[in-house]
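What follows is each chain in one-letter form.
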Amino acid sequence: VHPHRVFSGIQPTGVPHLGNFLGALENWVALQNQYPTVLYSIVDLHSITQPQDPDQLRSNILDLTASLLACGIDPEKAILFQQSQMKSGQKNEGSVGLFTYPVLQAADILLYQSTHVPVGEDQVQHLELAQDLARIFNNHYGDLFPEPRTLLSSTRKVKSLRDPSAKMSKSDPQTMATITITDSPEDIALKIRRAVTDFTSEVTFDPETRPGVSNLVMIHAAMAAISVEEALSQARGLDTGAYKKLVSDAVVQRLTPIRHEIGKLRSDRAYLEGLLAQGRKKARELAAPVLAEVRHRVGF
Ligand code: ADP
Ligand code: NA
């Protein structure tokens, strides 16, 4: 039995957007200070089930690594590694397509005897397979896997700037809908200026009836690290047009140092590769005895 272990994964689709940042990454940074062992996996095997240019995938992985570090992931506190490097022999074979998302995720969670898995609200049911497999294995072969528990990473949902009934997403085809954490101050200001609100000019917070304005208030509060009440009090007397300036200033202020840091890190591929190699080594050290124990009990 080991103390709590946190495991989470993120797909290497390039630089994270504001939804990833506020809905997942901020929490990842907090968790590395709260739990003794924290593993963050760049889940590249999920992304190769769709055909992808290998050079593009490599550069997405390094961009994401740089982004995670710039957002505050500390390689001394969190094990940051690449999923495919733990599953050798699978990468260049069609066989990986057989592993569907939930199967791969369950295998990853169990491999490190994870106890806690931070997920977004939309992903809670994804964990059921890992929980079932842990229970089934333990019943047959004796306790080995803790039943992983979800750790609701955050109830923050960042909405699309163009359609506040949908969540902000990298796959949103609309331009101006998504802010990535490396957007320039000009792009951020433009996207927020164009954000869909409604016909009421006063700034209030009511996600049900006023999703557009409320999304801006939430973003403002989260990026400035203030409460929604404080954000509303700063908005008093402003119409939504003037308020957008305040919101984009808060976003720009928070993201500027991160963007600069990503720029620096991106140019040092050797450093990023070295970090991932170090993460792989640490992850292997955790996984090896678990795999050996599974083999021993099952009789492989
Ligand atoms: P996307 O939804 O853009 O495809 P991912 O599925 O890779 O992004 O999500 C990675 C993490 O970011 C997950 O924990 C997910 O819950 C979180 N996340 C993604 N989009 C949002 C959003 N709009 N608001 C809050 N959290 C989000
Ligand atoms: Na998602």
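Residues numbered from 1 in each chain as written. Chains lettered and ligands numbered in written order. Predicted model: local features only at pLDDT ≥ 70, side-chain atom pairs only at ≥ 80, totals over all residues.

Tallying secondary structure elements over the protein gives ten helices and five strands in all. Along the first, second and third principal axes, the C-alpha atoms of the protein reach 70 × 40 × 35 Å. Buried residues in the protein amount to 38% of all 300 residues. Residue pairs in contact within the protein that sit at least 24 positions apart in sequence constitute 73% of those at least 6 positions apart. (Helix = DSSP H or I, 4+ residues; strand = E, 2+ residues; numbered from the N terminus. Buried ≥ 20, exposed ≤ 12 C-beta atoms within 10 Å, placed from the backbone. Contact = placed C-beta atoms within 7 Å.)

Here the focus is the site of ligand 1. Gly 19, Gly 23, Ala 24, Gly 120 and Lys 167 are the nearest of the 17 residues found near ligand 1. Per-element accounting of the shell around ligand 1 gives the leading share, four residues, to helix α1 (residues 18–34). For the shell around ligand 1, a count of residues per class yields four nonpolar, nine polar and four charged. (Near = placed C-beta within 6 Å. Nonpolar A, V, L, I, M, F, W, Y, C, P; charged D, E, K, R; others polar.)

With that out of the way, let us pick up helix α3 (residues 54–70). With 17 residues, α3 extends 24 Å between its outermost C-alpha atoms, agreeing within 8% with the 24 Å of an ideal straight helix rising 1.5 Å per residue. Within the sequence span of α3, burial applies to Asn 60, Ile 61, Leu 62, Asp 63, Leu 64, Thr 65, Ala 66, Ser 67, Leu 68, Leu 69 and Ala 70. Directly after α3, the chain includes Gly 72, whose backbone phi takes a positive value near 120°. (Expected span 1.5 Å × (residues − 1).)

Judged by nonpolar contacts, the single largest core of 63 residues is most densely connected at Leu 39, Ile 219 and Val 251. Of all the elements, helix α7 (residues 211–224) adds the most residues to this core, at eight residues. Three or more residues apiece are contributed to this core by two domains, here domain 1 (5–156 + 269–298) and domain 2 (185–263). Residues within four places of Val 251 in sequence aside, it is in contact with Ile 179, Ile 188, Ile 192, Ile 219 and Met 223. (Core = buried A, V, L, I, M, F, W, Y, C linked by C-beta atoms within 7 Å. Domains from an automatic or database assignment.)

Turning our attention to the domain arrangement of the protein. The accessible area lost on association of the parts is a frequent measure of interface size. Splitting the protein by domain gives domain 1 (5–156 + 269–298) and domain 2 (185–263). A C-alpha centroid distance of 32 Å is found between domain 1 and domain 2. The partner domain 2 presents six residues to the seven residues of domain 1 that form the contact. At the level of secondary structure, the elements contributing two or more residues to the side of domain 1 that touches domain 2 comprise α1 and α3. Sort the elements by how many residues they give to the side of domain 1 that touches domain 2 and α3 lands first, with three residues. For the side of domain 1 that touches domain 2, a count of residues per class yields five nonpolar, one polar and one charged.

Moving on, we get to the environment of Leu 291. Turning to its location among the elements, Leu 291 is positioned in helix α10 (residues 269–298). Separated by 44 residues in sequence, Leu 291 and Val 247 have C-alpha atoms that sit 49 Å apart.

Interpreting fine coordinate detail is not advised for predicted regions of low pLDDT. Across the protein, the average pLDDT comes to 91, with 93% of residues at 70 or higher. In the predicted complex, the global pTM is 0.92; the interface-specific ipTM is 0.93. (pLDDT = per-residue confidence, 0-100.)

Of note in the backbone geometry, Gln 113 takes a positive phi value of approximately 50° without being a glycine. Structurally, the position occupied by Gln 113 is in the loop between α4 (101–111) and β4 (116–119). Its 21 C-beta neighbours within 10 Å are what place Gln 113 among the buried residues. Here the phi dihedral of Met 176 falls at roughly 75°; this positive angle occurs in a residue that is not glycine. Structurally, the position occupied by Met 176 is in the loop between β5 (149–152) and α6 (185–193).

Regular strands place side chains that alternate from one sheet face to the opposite one. Here strand β3 (residues 79–82) shows no split at all, with Ile 79 and Phe 81 on one side and Leu 80 and Gln 82 on the other all buried. Where strand β2 (residues 37–42) and β3 come together, four bridges link them in parallel fashion. Looking across to β3, one finds that Ile 42 is bridged to Gln 82. (Pairing = 2+ DSSP bridges.)

With respect to burial, β2 is a largely interior element, six of its six residues being buried. Of the two faces of β2, both are covered, the one formed by Thr 37, Leu 39 and Ser 41 as well as the one formed by Val 38, Tyr 40 and Ile 42. Relative to β2, strand β1 (residues 5–10) is paired through six bridges, and the arrangement is parallel. Directly across from Phe 7, in β2, lies its bridge partner Leu 39. For the handedness criterion, the β-α-β arrangement of β1, α1 and β2 is classed as right-handed. (Right-handed = clockwise from strand over helix to strand, strands pointing away.)

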